[in-house]
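Fold and geometry: a report
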Amino acid sequence: ASESVSYDHIFKIILVGDNGVGKSSIIRRFCEGTYTHDMDTTIGVDFYLSEIDVSGKKIKVKIWDTAGSEKYMSISAVYYRKADGVIFVFDMTRPRSFTNVVSVWMNAVEAQESGCPEAIKVLVGNKADLSPEVDMTQVKRYAELHDMRLVEASAKSNMNITEIFTSLAKEIIDER
Ligand code: GDP
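Given the structure is predicted, the values throughout are model-derived calculations rather than measurements.

Cut-offs used in this document
Residues numbered from 1 in each chain as written. Predicted model: local features only at pLDDT ≥ 70, side-chain atom pairs only at ≥ 80, totals over all residues. Heavy atoms only, no water. Phe/Tyr/Trp six-rings, centres within 6.5 Å; stacked < 30°, edge-to-face > 60°. Lys NZ or Arg CZ within 6 Å of the ring centre and 35° of its normal. Helix = DSSP H or I, 4+ residues; strand = E, 2+ residues; numbered from the N terminus. Buried < 20%, exposed > 50% of the residue type's maximum accessible area, 1.4 Å probe, protein only. Pairing = 2+ DSSP bridges. Axes fitted to C-alpha atoms, helices over the stretch in contact; angles between N-to-C directions. Contact = heavy atoms within 4.5 Å.

1. Brief notes about the packing of aromatic side chains
One pass over the structure, following the stated rule, counts 3 aromatic pairs. Members of the aromatic cluster, connected to one another through ring pairs, are Phe90, Phe98 and Tyr142. Here the basic side chain of Lys12 rests over the ring of Trp64, its NZ or CZ set 3.9 Å away from the ring centre.

See the structure below:
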């Protein structure tokens, strides 16, 4: 008998947003169950793998990390290519990181030709364990306008991290 695990789906999920909003922390919390205060932003891997079960289906998720290249706002096209899900992350204590979702990251994703027109988008306000500085009314309006689910999360206190990925996987399945 074959020992290999088979999957019903394999999804590529990417995270975009300003440097320091907590993208790597979210990925590591989800894939490894860990949180580190001092993240080494210089050492990055291309992607992490995880497995989730959604509605009786076994799903393998490949989660890509920008590995610090977002600092230069020059993420390569390979990163965006054929993504099934895009997670826009901002830091709830840094209003600028939200306005950059609006003015930089959304455009970067939508400008991809070979990119992800059909990708499901989610908006994540990270660092919900701290006092928010971002006007969440404005954020909610923006999320509705772009047909995105809005999740307030914390990689530090493990709030809503699993929910980001399982709901996204479910939405991707439902869309097919
Ligand atoms: P990235 O550049 O977007 O990948 O962000 P990192 O994951 O490297 O996180 C940047 C900094 O924010 C690190 O010092 C993290 O420890 C911290 N951080 C990440 N998530 C949270 C969170 O949910 N709450 C708090 N308080 N700090 C966080």
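2. Let's talk about the environment of Gln138
Topologically, Gln138 is positioned in helix 4 (residues 136-145). In this structure Gln138 comes out as partly exposed when scored by relative accessible area, which is 37%.

3. Some words on the sheet that holds strand 5 (residues 120-126)
Here 6 strands make up an open sheet; going across it, the order is 2-3-1-4-5-6 and the pairing mixed. Looking along the sheet, the strands with just one partner apiece sit at the ends: strand 2 (47-54) and strand 6 (149-152). Adjacent strand axes in the sheet meet at a mean angle of 25°, parallel and antiparallel pairs treated alike. Judged from the 4 bridges that link them, strand 1 (residues 9-16) and strand 4 (residues 85-91) form a sheet pairing that is parallel. Bridge assignment links Ile13 to a residue of strand 4, and that residue is Gly85. Relative to the sheet, helix 3 (residues 95-110) contacts strand 1, strand 4 and strand 5, its axis offset from that of strand 4 by approximately 160°.

4. A look at the environment of Val124
Structurally, the position occupied by Val124 is in strand 5. With a relative accessible area of 0%, Val124 lands in the buried category. For the pair Val124 and Ile63, spaced 61 residues apart in the sequence, the C-alpha separation amounts to 15 Å. Apart from residues lying up to four places away in sequence, Val124 is in contact with Ile26, Ile87, Phe88, Val89, Phe90, Val151, Ala153 and Ile164.

So, to be careful, I would describe these as geometric facts and stop short of saying anything about function.
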